[in-house]
Structures are given as C-alpha cells and as structure tokens.
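Letter by letter, the chains look like this.
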Amino acid sequence: MNGTSEGPAPAADLDRSAVTDSDNHLAPRTPCTGSPAYRSAFTAAPLAMAVVDAEGLVVGANDTLGTLLGTDPATLAGCPAADLVDLASDAGTWHAYREVLRGRQPRLRCTRRLKRADGHSLWVQVTVAPLAGSGDAREGLLMSVADISARRELQARLRHLQMHDPVTRLPNRALFFERLTAALEAEPHEHGGTGRIGVCYLDLDGFKAINDTLGHRVGDRLLAAVAERLTRCAEDAVHTRSGAPLVARLGGDEFALLVEDSTGTDQLAELAESVLTALQAPFEVADRSLSVTASVGVVERHTVGTTPTALMQAADTTLYWAKADGRARWTLFDPERNANRMTRQALAATLRPAIERGEFALEYQPLVGMEDGRVRGVEALIRWNHPQFGVLAPNRFIALAEEDGSIVPLGRWILRTACHQARRWQLAHPDDPPIFVSVNVAVRQVWDSDLVADVAATLEETGLAPHLLQLELTESAVMGSAGRPLQALKALSDMGVHIAIDDFGTGYSNLAYLSRLPVSVLKLDGAFVRGFQYDGVRDGGIQGAGADADAASAADASSANPADEVIVEAMVQLAHRLGLTVTAECVETSDQATRLRRIGCDTGQGWLYSRPVAPDRISALLGTSSGPGAAGVQAGVGNP
C-alpha cells in the first residue's frame, strides 16, 4: 500500500480540537482480545479501524480497513500504522502523531490521499486516539480511516462551479485573483522563476451595442466564441515556467490573461498583439457575422512590492488609455502618464475645498488699443495657489472644474472678484476713461446656473456699469449655442454686457450663424498672429513664459505662414462690416503690432504689452498712452 500526501493541506487539515482538546471519547476496550461480541463488532464495523500499540505498530485491523486498503487485514498486523496511511509524509502531521503516541496530545485528525496497490486512489480522513477512557496511549490507540473520496469529489465539483464562468467556462474573477495573489506571494526566484508578472486586461469594443440589439443569448454566444480564441492565443503563446497564461473572464465583456514568471514587456506586448489579431476575423454567431475589436491594457512588473489591487488598478488605467487613444489597440502602462493622472485626481478632489479656502487669485492682462497704445481693458486670468503643486495656470484645472460642476461656484467667484477690481480702478482714476474687464465663461455655467441673474446681481453689488463687463466664450461654445444658452447670451447683451468669441478662427467658424448671435467682439486666435513672423522679424521677442494666451508663443518661426496675414485681414474686414470689434491675441513683436494696426485690428493682447500681472501693476498703466506700437505700455509694466 502506497500513501501520498496532498501537499501542504494535511497540516492545515489537522483538527486542532483533536490535537489539543482534552475531550477523550471512550473507545472499545482492547477489541482484538476482548469478549467475542466485542471482537465481532470490531471486525464487522463499517468504519475502517485498526488497533495500534504504543510503538505505533498495528495489533489488529478489521475487514473494512483491509477492503479499503485492498489487502488482507491479517497481513497488516505488525506493520507501522503510519506507513499504512502516509502519516510521515509531512513534518507537521508526523510530529503530531508522535505526540499522540507519547500521550502528550489526545488525538490526531488529518486528511490523506492514498494510492492502493491496484492503482486506485482515494481520499481518507484519519483519526488516531487512545483506546482507554483514561486517555493513556500506553494501553494502545485506535486508528480509524474514513473514505471521503465522494465528499472530496463533490467539493471539487462545487469549487469548479464556484470558480468558473458558466457562459465561457473560463476561470472567473475569484479564481483569477486567487492565482494572482498566489503568484505575488511566492518567493521571487523560487524554482528558477523570474520574479516578474504580467497582465493583459482587455475589454471588447462595441459589445454592448450587440448585446442590446441582438439580445443576451447572442451576446453570450459571442462571449463564448471570444473565450475560445483567447484560449488558443494563450496556448500558442510562449510558455513560462508556470505554463501557459491563465485566461479568465472578469465580468461583462472584460477578460484578462495572467502571465506568471514573465520575461519582460516584449512578451506581454506580443501576447496583446496576438489577441488583437485573433479577434479581427468576424464571428459566426446565430447565422450572423459579428465583428468586435478589443482594447487591451498591458502591465508587466516585478512581483516584489506589487499587490493584486495595485496591479489591477494599473491594468484598468491602461485599458482606459487604450480606449481613449482610439480603441482596437493595446497600450503599455506608463508610470509618468499615471503620475499625471494621479495628480489630476488629486486636483479634482481638492478643487471645491480650495474655493472655500481662498486659494485662487486673479491676474490681469492688458487689452491695448492698436492706434493709441492706451489700455482699453483687461482680461481676468485665474491662478490656483496650490499648497502642494504651487501656482497652477487655468489649463491645469478648468477642465476638471467643468467636469465636476465646480466651475459654477468658481465662475461666480471670478466674476465678483473681477468686477470689484474693475470698479476699484474706476474709482481710483476718476479722470481717466474707465477700462472694461473681460471674464471667461464656460458653457456649463450657462446650463447649470442662472448666469444672467448672477451677472445682474454682481453688477448691482459692485456698481460696475454693464458696458464695462465683457464675457468671453470659446468659438465652439458660442457657435453651438441654442435654446437656453442663446437666450442667456441675448439677455446679457440686452443688459449692456459685451459678448466676445474667444480663439476665433479655430472652431466652427459658422459665419452665417455669427450674424445672428449677440456678439460684439471677436478675439482672433494667436495662431494667426504668429504667422506674421514669416520674415523673421522678432524684435519684441518672447520675454518669459507662462501667460495663458501666449503659452504656444515659443513655436518656431518655421511654422509661420504668409497666408495668415491675408486671413486675418479678411476676418477683420468681415467683423467690421458686422459691427464687431477685433482683438488680436499673442502679439509678441512690434512688427506684428504694426501689421495688425495697418490691417485695422482694434485692440491687441500679448507679451509685447504685458504678461498677466497683479491688480496694482495694472494701476500703473492707466492713463498711459504711448502711441502706435505701445512701447510705453511695455515699459510701464514690462515683463519682470
């Protein structure tokens, strides 16, 4: 009779209560030598049993034990009991058994997988306890062996059902994470492993549409067909020491391929590419030819310092990148890109509280008359004085504010602050023409708040005249306005507030629609003005960096285009015919200013005049006029 251990399970299967419990059940008194009735009961008992002496040798065994082991019970006498049921195969069980023999522990219970001489294997539960009611092992032990093969088989079947997806018959999420956890907890270089792990996390593109239109039955059959192709990809892949990659369905239309002991990103990239290739051919399902693609997030790294949660978060993030980048592709995890994402999330989480904490401030960039160089107005530009990331320009957080709706309270704060400041300038310089303030407005502010009421209340609170307030919306936002946004713009215009289209010339440019909008100002996108540099004249130069409208000013002169001047001239003439004024953004050089003035542009904004500055720096400009070219404006504020 040969016995084989089930590995580490026996130690775990040791019945702690049996080893340490002092409750000793009364066992038959010397059944091999007791009364005939006692011996008869022992021999015919349906439970396989043997009497073992203090040395661990079998004194006698019943017929059931002989049948279980496939041998004559009489031949078992004198055999070491431990050999019959493989108690010496692991140190923990062997030590516990020896303690029972010495009388130091009351009982042993463990599970063993035995292999009989005929090759048949079975699972048994072995219990060893003293015979006498006193618990004295010196009077002998009773070893009972119960066949639990049927129970183990049922448990295995139930576990398989629990750990596999019924639709695709692949391992499910629970089994995937069990394997992943075990792989990460293993010794990094155990048995020659690489100490690395990789995951291809994929999501089917367009599966929801198929499921919704053709029904769940067709959708399930498609998932099963996809699972078959993924399984073939795993079987055809380069096998590692741990075997072929594990293919699992994590839920819905999400699948994952786990590569243990991976050899690097190239291996995972090759696997991801093979997956995309395998899914290219149409699927014949329910007499239909269905096509789906997949987006795959690829992560490969050392197991040390990695957790299942961290690995799958990285895989999920990378899968999102693959979808955002255009779908039907694989994307490799990029730590730098992920750091930017984490920073973005951190900013989003602290944006609303930052408004309450007063972490925002406004800077102002002059809008200068092209003919006389006098400051006509200023654009309010918000800055976030973040306690961790320093001073942040609006391109770092405005999109986040629009996404979570915090742009509404933030926009109200900008409007009130800018109008208060404009009124203070007006009161401080009563002899000078008042300047207007231009405030950027997001479309969501129009939809999610009563912008008209907010503006009216702010003007009343600050005492600022409506014509000294200009609201800027992007071209795409204004040109797509209809319904409530358009009504709001008309109400604001009727109130006397100026409406400006920002970055004009780069969006819809629906000129027919433009004539019907309540717009009074066009702000030409800086890309056109930069095209004026084609002759290489850059006497003004770019002084510093960081202004919003001039962030792209560092573009090389090779990007200049002589046709831009023609386009700008045409747009200026069109605007003037419609009764609109024109502001040119990103004016960097005096040569550009001269050409814009010759074309007929009304106002300019850019580094030639000033970068965005604090309110007190604007006060120094008021009343300053330096004639065409605005050299005095530039000198008055400069670019410190």
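First, a word on scope: everything that follows refers to the structure included in this document. This structure is a prediction, so every number in the text was calculated from the model and none was measured. (Residues numbered from 1 in each chain as written. Predicted model: local features only at pLDDT ≥ 70, side-chain atom pairs only at ≥ 80, totals over all residues. Heavy atoms only, no water.)

Side note on the pairing of strand β21 (residues 581-584)
Right, on to step 1. Pairing of strand β20 (residues 521-524) with β21 involves 4 bridges; the strand directions are parallel. When the sheet's bridge partners are listed, K523 is paired in β21 with T583.
Right, on to step 2. In this structure, β21 lies alongside strand β22 (residues 603-604), joined through 2 bridges in parallel fashion. Directly across from A584, in β22, lies its bridge partner G604.
Right, on to step 3. One crossover worth recording links β21 to the parallel β22 by way of helix α23 (residues 590-599), and it is right-handed. (Pairing = 2+ DSSP bridges. Helix = DSSP H or I, 4+ residues; strand = E, 2+ residues; numbered from the N terminus. Right-handed = clockwise from strand over helix to strand, strands pointing away.)

Quick look at the pattern of salt bridges
Right, on to step 1. On inspection of all chains with the given rule, the structure shows 24 salt bridges.
Right, on to step 2. Residues R104 and E99 are paired through a salt bridge, measuring 3.5 Å at the closest nitrogen-oxygen approach.
Right, on to step 3. With relative accessibility at 59%, the residue R104 sits in the exposed group.
Right, on to step 4. Residue E99 is classed as buried on the basis of its relative accessible area, which comes to 11%.
Right, on to step 5. Residues R416 and E461 are paired through a salt bridge, measuring 2.6 Å at the closest nitrogen-oxygen approach. Of this pair, R416 sits in helix α15 (residues 407-428) while E461 sits in helix α17 (residues 451-462), placing them 45 residues apart in sequence.
Right, on to step 6. The class of R416 is partly exposed, set by a relative accessible area of 35%. (Salt bridge = Lys/Arg side-chain N within 4 Å of Asp/Glu carboxyl O. Buried < 20%, exposed > 50% of the residue type's maximum accessible area, 1.4 Å probe, protein only.)

Here we look at empty space enclosed by the protein
Right, on to step 1. Following the criterion strictly, the structure yields 1 cavity of 30 Å³ or more and no others.
Right, on to step 2. In this structure, the largest cavity spans a volume of roughly 70 Å³.
Right, on to step 3. G411, R412, L415, Q445 and L451 are, among the 13 residues lining the largest cavity, the residues nearest its centre.
Right, on to step 4. Listed by contribution, the elements that provide at least two residues to the lining of the largest cavity are α15, β17 (436-440) and α17. (1 Å grid on protein atoms, 1.4 Å probe; cavity = no way out; pocket = protein on both sides within 12 Å on 5 of 7 lines; lining within 4 Å. Points joined across faces, edges and corners; volume = space filled by probe spheres on them.)

Digging into the sheet that holds strand β8 (residues 246-251)
Right, on to step 1. Pairing within the open sheet is mixed, and its 5 strands lie in the order β8-β9-β7-β12-β13. Two strands in the sheet have a free side with no partner beyond their single neighbour: β8 and β13 (330-332). Going from strand to strand, the sheet's axes swing by 20° on average, the running direction of each strand aside.
Right, on to step 2. As paired elements, β8 and strand β9 (residues 254-260) share 5 bridges and run antiparallel to each other. What sits directly across from V247, in β9, is L257. (Axes fitted to C-alpha atoms, helices over the stretch in contact; angles between N-to-C directions.)

A word on the layout of surface pockets
Right, on to step 1. There is about 480 Å³ of room inside the second largest pocket.
Right, on to step 2. Those elements giving two or more residues to the lining of the second largest pocket turn out to be β15 (375-386), α15 and β21.
Right, on to step 3. Considering only residue class, the lining of the second largest pocket consists of 10 nonpolar, 10 polar and 5 charged. (Nonpolar A, V, L, I, M, F, W, Y, C, P; charged D, E, K, R; others polar.)

Quick look at the pairing of β9
Right, on to step 1. With respect to burial, β9 is a largely interior element, 6 of its 7 residues being buried.
Right, on to step 2. With 7 bridges joining them, strand β7 (residues 196-205) and β9 adopt antiparallel strand pairing. Across the sheet, L202 pairs through a bridge with F255, a residue of β9.
Right, on to step 3. Counting the residues in the hairpin turn of β8 and β9 gives 2 residues, including G252, whose phi is positive at 55°.

Describing the environment of T318
Right, on to step 1. Mapped onto the fold, T318 is located in helix α12 (residues 308-324).
Right, on to step 2. T318 sits 23 residues away from S295 along the chain, and the two C-alpha atoms are 9.5 Å apart.
Right, on to step 3. Each residue touching T318, except ones within four places of it in the same chain, is listed here: G297, V298, V299, T331, L332 and F333.
Right, on to step 4. Here the side chain of T318 touches A314 through a polar contact of 2.7 Å, landing on its backbone oxygen. (Contact = heavy atoms within 4.5 Å. Polar contact = N/O pair within 3.5 Å; in protein donor to acceptor, adjacent residues only side chain to side chain.)

Details of the packing of aromatic side chains
Right, on to step 1. Overall, the coordinates contain 7 aromatic pairs when judged by the stated rule.
Right, on to step 2. With 5.5 Å between their ring centres and 85° between their planes, W384 and F397 make a pair best called edge-to-face. Here W384, found in strand β15, pairs with F397, found in the loop between β16 (390-392) and α14 (398-404); they are 13 residues apart in sequence, far enough to count as distant.
Right, on to step 3. Residue W384 is classed as buried on the basis of its relative accessible area, which comes to 0%.
Right, on to step 4. For F397, a relative accessible area of 0% gives the class buried.
Right, on to step 5. Its guanidinium or amino end placed over the ring of W123, R152 lies 3.8 Å from that ring's centre, counting from NZ or CZ.
Right, on to step 6. Lying over the aromatic face of F333, R301 brings its terminal NZ or CZ to 5.3 Å of the ring centre. (Phe/Tyr/Trp six-rings, centres within 6.5 Å; stacked < 30°, edge-to-face > 60°. Lys NZ or Arg CZ within 6 Å of the ring centre and 35° of its normal.)

Nothing here speaks to function; it is all geometry.
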